[in-house]
Amino acid sequence: MLYRSPSWDLGASPGPAGAVRAELQFPVSRVDRLLREGQGAYRLSSATPVFLTAVLEYLIANILDLAGKEACTNHRVRISPEHVEMALINNENLRRLFQPGAFSQPAASPHLPEK
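Remember, predicted model here, so these are calculated numbers, not experimental data. (Residues numbered from 1 in each chain as written. Predicted model: local features only at pLDDT ≥ 70, side-chain atom pairs only at ≥ 80, totals over all residues. Heavy atoms only, no water.)

We now examine the overall build of the protein chain. If you tally the helices and strands in the protein chain, you get five helices and zero strands. Listed N to C, the secondary structure of the protein chain is α-α-α-α-α in terms of helices and strands. Residues counted as buried form 14% of the 115 residues belonging to the protein chain. Accessible surface for the protein chain amounts to roughly 10300 Å². Of this, 59% is attributable to carbon and sulfur atoms. (Helix = DSSP H or I, 4+ residues; strand = E, 2+ residues; numbered from the N terminus. Buried < 20%, exposed > 50% of the residue type's maximum accessible area, 1.4 Å probe, protein only. Areas by Shrake-Rupley, 256 points an atom, 1.4 Å probe, with all protein chains shown as cover.)

Structure (structure tokens):
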């Protein structure tokens with residue numbers, strides 16, 4: 001009978017990384033590490049960093065797409081920070097998302113009496 005090493009053995013192949021499985025460009029492991037180091041939550045689902053990485057990648061792709069169009073309208077080949085800024089200003093949804101105070105803490109809710 002052949003001896004098979006357990007899957008947790010160091011010689012075993014760990015399989016593809018989270019970003020490869022989710023077909024993402026951004027590193028899922030880094031987002032996972034940053035989420036766990038922060039004090040946001042005590043417990044995280046394994047899908048949480050994958051979902052957040054996908055959302056970040058989607059936002060960055062849209063911003064860069066709009067900034068590229070802005071650079072083309074200015075007859076430029078490279079995207080500059082000014083093109084990114086103009087893309088954020090000209091897009092209503094991105095302007096609301098990145099306005100100051102968009103993610104501020106809500107005011108304390110009044111205490112509701114128990115019934």
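Moving on: the pattern of salt bridges. Charged atoms that come close allow side chains of opposite charge to pair. With the rule as written, the count across this model stands at five salt bridges. Arg36 is paired through a salt bridge with Asp32; the nearest N and O atoms lie 2.9 Å apart. Separated by four residues within a single helix, Arg36 and Asp32 lie in helix 2 (residues 28-37), roughly one turn from each other. With a shortest N-O distance of 3.6 Å, Glu92 and Arg96 are connected by a salt bridge. Residue Glu92 and its partner Arg96 are located together in helix 5 (residues 92-97), separated by four residues, close to a single helical turn. (Salt bridge = Lys/Arg side-chain N within 4 Å of Asp/Glu carboxyl O.)

Below, the discussion takes up the packing of helix 3 (residues 48-73) against helix 4 (residues 81-90). Running from N to C, helix 3 and helix 4 cross one another at 110°; their axes reach a closest spacing of 8 Å. Between helix 3 and helix 4, the angle is such that the two are roughly perpendicular. Of the residues in helix 4, those in contact with Ile63, Leu66, Ala67, Glu70 and Ala71 of helix 3 are His83, Val84, Met86, Ala87, Leu88 and Asn90. (Axes fitted to C-alpha atoms, helices over the stretch in contact; angles between N-to-C directions. Parallel < 35°, antiparallel > 145°, perpendicular 65-115°, else oblique. Contact = heavy atoms within 4.5 Å.)

Everything listed is a geometric property; what it means functionally is a separate question.
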